[in-house]
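Each chain is listed here by its residues.
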Amino acid sequence: MTVPFAPSARSSVGIEWELMLADRETGDLVPRAPDIVEPLEESTKLERFTITQELLTNTIELTSGVGDTVAAAVDDIADAIAAVRTQTEPLGVELLCAGSHPFAQWYDQQVTDKTRYHKLIERTQWWGRNMLIWGIHVHVGVEDVNKVFPLIDALSVYLPHLQALSASSPFWAGERTGYASNRALVFQQLPTAGLPWQLENWAQYEAYLDDMMRTGVMADATEVRWDIRPAPRWGTIEIRACDGMSTLPELAAVAALAQTLVERFSRDLDEGRPIPRIPPWYIRENKWRAARYGLGARIIVDAEGTQAPVVDHLRETIDEVADIAVELKCARELAALETILTTGGSSARQLAVAEAADGDLREVAQHLIREFRSGPTLREHLRSFAS
């Protein structure tokens, strides 16, 4: 079969952010997505952003327009949040984001009434109903289809870095899991989810899709749920490995890292320089280590098996792409990664709140609500960081 890869501007950026809907007083998830999304359809139809429902009625997804810069995409997300607030405030509904909710139970949640979602649950059963997970997706434009799978291979080396930075799911159904990102291991239980296959070129990807559709595994390319996947319709590589970011500045920082890495490896391909590649068994181990330990992970960084703390390798990487970040106008967003490395990510913050509250996970939910409310002040955050 033939799958066209749409033209797109090199290193352009798009962001998707899945958000929870919770009761203001209790922090419990609430099934209010239809009440929020449907009234906004007419008033936002000409905006750059979109606001849509997801698998569960306790979730909405905000999607930016195509941005030349990370800042432009994040501005779209901030505008979408403002629009959503016009509906949530009167309803007593709060927004929050993490890879998982601290105490929600799967059997209390409602599936959105769409055929594709009902088919998914029918096929995946218990695992599908347990998908109480939230994430971010960062799209980066690729101008040449022949670069797509070399870039995915190179990005797979940095999957644990992205996963560790975003790790925000230490609790599951009211229990401490011992993992910084429990979401990472839950999500890969779905068919076609998990790590990408190491394919050599686009023709092999088309053959893979043909096999999957002929055998009834999936209906089309949108059901490829890899941690890093091609998005043929948009002409992008879509990075899906990350837990939901708890604040807008952190979302911007991770998007900047994704954009600069893609541009770095694209330049290496243009100049005939080698790009990173490690065996799939190292990639799998790195994913587990990042899920287990988050920013405390020690990862495998090259094909020889060299190991390093992920925080140290992240700092080296940030230095290596700093000049590219200046060119792409995302230097301030990229520099904000240092705040995550210094103070710890969302997973660590949630654990600290739970400990201070003697294990009361309702306090963790309220903490996430407060953090999210502080997040849309991105411009002020970046100005203060730069100064």
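Undergrad: Account for the overall build of the protein chain, naming residues and giving values.
TA: Of regular secondary structure, the protein chain possesses 16 helices and 13 strands. By the compact-globule yardstick of 21 Å for 387 residues, the protein chain fits well, its C-alpha radius of gyration being 20 Å. Here the contacts in the protein chain between residues at least 6 apart in sequence split such that 76% fall between residues at least 24 apart. When the accessible surface of the protein chain is split by element, carbon and sulfur atoms take 51% of a total near 16000 Å². The distance from the centre of the 37 positive side-chain charges to the centre of the 56 negative ones in the protein chain is 1 Å.

Undergrad: Give a detailed account of helix H1 (residues 33–40), specifying residues and quantitative values.
TA: Those residues of H1 that fall on the buried side of the exposure criterion are Ala33, Ile36, Val37 and Leu40. One face of H1 carries all of its buried residues, which in axial projection span an arc of 85 degrees. Where H1 is buried, its residues touch strand S1 (13–23), strand S2 (50–53), strand S3 (59–63), helix H2 (70–91) and strand S4 (93–96).

Undergrad: Could you give an account of the pairing of strand S11 (residues 236–239), with specific residues and numbers?
TA: Burial of the side chains of S11 extends over both faces: Thr236 and Glu238 are buried on one face and Ile237 and Ile239 on the other. Relative to S11, strand S10 (residues 228–231) is paired through four bridges, and the arrangement is antiparallel. Pairing of Pro230 across the sheet is with Ile237, part of S11.

Undergrad: If you had to explain the pattern of salt bridges to someone new, which residues and values would you point to?
TA: With the rule as written, the count across this model stands at 30 salt bridges. In this structure, Glu238 and Arg229 form a salt bridge, with 2.7 Å as the shortest nitrogen-oxygen distance. Residue Glu238 is classed as buried on the basis of its relative accessible area, which comes to 2%. A salt bridge links Glu327 to Arg267; its shortest N-O distance comes to 2.8 Å. Taken together, the residues span a long stretch of sequence, with Glu327 in helix H11 (residues 322–327) and Arg267 in helix H8 (residues 248–270) at a distance of 60 residues.

Undergrad: Talk me through helix H14 (residues 346–356); I want residue IDs and the actual numbers.
TA: Along H14, the residues classified as buried are Ser346, Ser347, Arg349, Gln350, Val353 and Ala354. Buried positions in H14, seen along its axis, are confined to an arc of 165 degrees and lie on one side of it. Turned more than 90 degrees away from the buried face of H14 sit Glu355 and Ala356, all of them exposed. On the buried face of H14, the contacting elements are strand S6 (171–172), H8 and helix H15 (361–374). Remark: Asp358 follows H14 within two positions and exhibits a positive phi of approximately 55 degrees.

Undergrad: Run through the packing of H14 against H15, naming residues and quoting values.
TA: Here H14 crosses H15 at 135 degrees, and the two axes come no closer than 8 Å. As the angle between them shows, H14 and H15 are arranged oblique. Remark: the crossing between H14 and H15 carries right-handed chirality. Where H14 approaches H15, its residues Ser346, Arg349, Gln350, Val353 and Ala354 are matched on the opposing element by Leu361, Glu363, Val364, His367, Leu368 and Glu371.

Undergrad: If you had to explain the nonpolar core to someone new, which residues and values would you point to?
TA: Counting residues in each nonpolar core, the largest one holds 95 residues, and the members touching the most others are Trp17, Ile51, Ile60, Leu62, Leu165, Tyr205 and Leu337. Take this core: its biggest share by element is 12 residues, from H8. If we skip the residues at most four places from it in the chain, Tyr205 touches Phe149, Leu199, Ala221, Val224, Trp226, Pro230 and Pro232. With 30 residues, the next largest nonpolar core counts Val111, Met131, Trp134 and Ala365 among its residues.

Undergrad: Residues and numbers for unusual backbone geometry, please.
TA: For residues other than glycine, phi is negative in most cases, and the peptide bonds are mostly trans. One non-glycine residue with positive phi stands out, namely Ala173, at about 55 degrees. Of note, Ala173 is situated in the loop between S6 and strand S7 (175–176). Look at Thr192: it is not a glycine, yet its phi comes out positive at around 70 degrees. With respect to the helices and strands, Thr192 occurs in the loop between helix H6 (182–187) and strand S8 (193–194). We classify Thr192 as buried; its relative accessible area is 15%.

Undergrad: Quick one: what's the story with the side chain of Gln366, residue by residue and with numbers?
TA: Turning to its location among the elements, Gln366 is positioned in helix H15. Residue Gln366 is classed as buried on the basis of its relative accessible area, which comes to 18%. When residues no more than four places from it in sequence are discounted, the contact partners of Gln366 are Arg24, Glu25, Thr26 and Gly27.

Rules behind the numbers
- Residues numbered from 1 in each chain as written.
- Predicted model: local features only at pLDDT ≥ 70, side-chain atom pairs only at ≥ 80, totals over all residues.
- Heavy atoms only, no water.
- Helix = DSSP H or I, 4+ residues; strand = E, 2+ residues; numbered from the N terminus.
- Rg over C-alpha atoms; globule rule 2.2 N^0.38 Å.
- Contact = heavy atoms within 4.5 Å.
- Areas by Shrake-Rupley, 256 points an atom, 1.4 Å probe, with all protein chains shown as cover.
- Lys, Arg positive; Asp, Glu negative; His and termini not counted.
- Charge placed at Lys NZ, Arg CZ, Asp CG, Glu CD.
- Buried < 20%, exposed > 50% of the residue type's maximum accessible area, 1.4 Å probe, protein only.
- Arc of directions from axis to C-beta.
- Pairing = 2+ DSSP bridges.
- Salt bridge = Lys/Arg side-chain N within 4 Å of Asp/Glu carboxyl O.
- Axes fitted to C-alpha atoms, helices over the stretch in contact; angles between N-to-C directions.
- Parallel < 35°, antiparallel > 145°, perpendicular 65-115°, else oblique.
- Left-handed = near helix turned anticlockwise from the far one by under 90°.
- Core = buried A, V, L, I, M, F, W, Y, C linked by side-chain atoms within 4.5 Å.

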